[in-house]
Amino acid sequence: MTAISTKTFKMNYRKYPDGTGYWTVVKEDRGGEFTFKVNNYADLWRMYQFIDAYTSVFAEEPVITIPCLLDAQADRRFEVGQTAGLKVLLQSLDSQQAFFNVFHPHNPEMVEGMVGDVRIMSNQYFVQQVIKDIDGTYANTKLNPENNLILMSADAGGFKPLIKLADSIDWKGETYSASKARVPGGKMVQQIDREDFGGKDILIVDDISVYGGTFKGLSKLLRERNCGKLYLAVSHMTVQTLGEDPVTEYFDRLFTTNSKFEEYYLYEDSNGGGHMYGAVDNLEVINMFKYDG
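Residues numbered from 1 in each chain as written. Predicted model: local features only at pLDDT ≥ 70, side-chain atom pairs only at ≥ 80, totals over all residues. Heavy atoms only, no water.

**A short note on the packing of helix α1 (residues 41-57) against helix α2 (residues 85-94)**
Phase 1: Here α1 crosses α2 at 15°, and the two axes come no closer than 12 Å. When the axes of α1 and α2 are compared, the pair comes out roughly parallel. The two elements α1 and α2 cross, and the hand of that crossing is left-handed. Where α1 approaches α2, its residues Leu 44, Met 47 and Tyr 48 are matched on the opposing element by Leu 89, Ser 92 and Leu 93.
Phase 2: Across the contact of α1 with α2, the residue classes break down as five nonpolar, one polar and no charged. (Axes fitted to C-alpha atoms, helices over the stretch in contact; angles between N-to-C directions. Helix = DSSP H or I, 4+ residues; strand = E, 2+ residues; numbered from the N terminus. Parallel < 35°, antiparallel > 145°, perpendicular 65-115°, else oblique. Left-handed = near helix turned anticlockwise from the far one by under 90°. Contact = heavy atoms within 4.5 Å. Nonpolar A, V, L, I, M, F, W, Y, C, P; charged D, E, K, R; others polar.)

**Some words on the nonpolar core**
Phase 1: Counting residues in hydrophobic clusters, the biggest one holds 30 residues, and the most contacted among them are Met 47, Phe 50, Ile 64, Leu 69, Leu 93 and Phe 100.
Phase 2: Of all the elements in the fold, those that place two or more residues in this core are β1 (10-15), β2 (21-26), α1, β4 (63-66), α2, β5 (99-103) and α3 (108-114).
Phase 3: Examining the composition of this core, we find that seven residues originate from one element, α1, more than from any other.
Phase 4: Ranked by size, the runner-up nonpolar core spans 27 residues in total, among them Ile 202, Val 234, Met 237 and Val 280. (Core = buried A, V, L, I, M, F, W, Y, C linked by side-chain atoms within 4.5 Å. Buried < 20%, exposed > 50% of the residue type's maximum accessible area, 1.4 Å probe, protein only.)

**Topic: the pairing of strand β13 (residues 253-257)**
Phase 1: Judged by how many residues are buried, β13 sits mostly within the fold: four of five residues are covered.
Phase 2: With three bridges joining them, strand β12 (residues 230-237) and β13 adopt parallel strand pairing. Within the sheet, the bridge partner assigned to Ala 233 lies in β13 and is Phe 255. (Pairing = 2+ DSSP bridges.)

**A look at helix α4 (residues 124-136)**
In an α-helix, one turn spans 3.6 residues, which is why side chains three or four residues apart end up on the same side.
Phase 1: In a regular helix each residue adds 1.5 Å, so 13 residues correspond to 18 Å; α4 covers 19 Å between its end C-alpha atoms and thus fits that length.
Phase 2: Residues of α4 that are buried include every one of Phe 126, Val 127, Val 130, Ile 131 and Ile 134, and no others. Across the axial projection of α4, the buried residues extend over an arc of 130°, all falling on one side. (Expected span 1.5 Å × (residues − 1). Arc of directions from axis to C-beta.)

**Overview of the pattern of salt bridges**
Phase 1: This model, assessed by the stated rule, comprises eleven salt bridges.
Phase 2: A salt bridge links Arg 225 to Glu 195, with the shortest nitrogen-to-oxygen separation between them at 3.9 Å. Taken together, the residues span a long stretch of sequence, with Arg 225 in the loop between α7 (213-223) and β12 and Glu 195 in the loop between β10 (188-191) and β11 (201-209) at a distance of 30 residues.
Phase 3: Arg 225 sits in the buried class, given a relative accessible area of 11%.
Phase 4: The partner of Asp 245 in a salt bridge is Lys 216, with the nearest N and O atoms 3.3 Å apart. (Salt bridge = Lys/Arg side-chain N within 4 Å of Asp/Glu carboxyl O.)

**Here we look at the pairing of β4**
Phase 1: Residues of β4 alternate between two faces, with Val 63 and Thr 65 on one and Ile 64 and Ile 66 on the opposite face, all of them buried.
Phase 2: Two strands pair when backbone bridges link them, and strand β3 (residues 33-35) and β4 are joined in this way by three bridges, in the parallel orientation. Residue Thr 35 lies in a different strand from β4, and its bridge partner there is Thr 65.
Phase 3: Taken together, β3, α1 and β4 constitute a β-α-β crossover, and its handedness is right-handed.
Phase 4: Sheet topology places β4 next to β5; four bridges connect them, and they run parallel. What sits directly across from Thr 65, in β5, is Asn 101.
Phase 5: Handedness of the crossover is the feature at issue here: the chain leaves β4, passes through α2, returns alongside β5, and the resulting connection is right-handed. (Right-handed = clockwise from strand over helix to strand, strands pointing away.)

Right under this line is the structure:
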């Protein structure tokens, strides 16, 4: 990585009528670290254009934070002839003259292995804020998170990262993992090998939710096992409209970050007008990112 010196400049993005565009970067009034919302391939291309404009002005690499990585779950080729989307994306990132910060990707080992100048940002701050929020619900009681809250991973693969997170936040309470099993016929089913959670609240911690099918299934199993309130904390919610069977209906509260969207809705205009409606009362978006582009 080339060191960033203290410089100031301003940047501006201009669009052509056909939807293409270009950046102009001039020395004036900004620093060398930026956060780009990359929700689609057009956003990715615009970020690449900015890196090109920046490096033409300064003989150094900008530091770019990507809150939500595109193609994060396409981290392997499931069958011959299918695109390995994350591999293609990481190869393109590695070709750029920039240092990247990536927030809580689905496969951090693959990101670090394929991009030379990269740092993985953990979900530590996010989960700490969630626990702090939950702690507020115990006000005027003798309860506190560490004796009444269980941190849970959705499957065995997420348990190791959960233990690492628990150590990083000095969590003294209980941690637990659900699991999956393959039954005759090849179908995967969720399992919880505990019949009684003693009325404790449960916080499921994970990286990504699309429509939340995995979490809906877990919530149904947990409701049958004497648990208290159910909470879900996912770093990235990748669909802005939650649909007719929203995952929020299955939890007392759901937490996410603004890595993808600033607001979420229950449904959108069925006439194709692009309008979205329906506030999600039990969803809290924790603002962690301020975007430059």
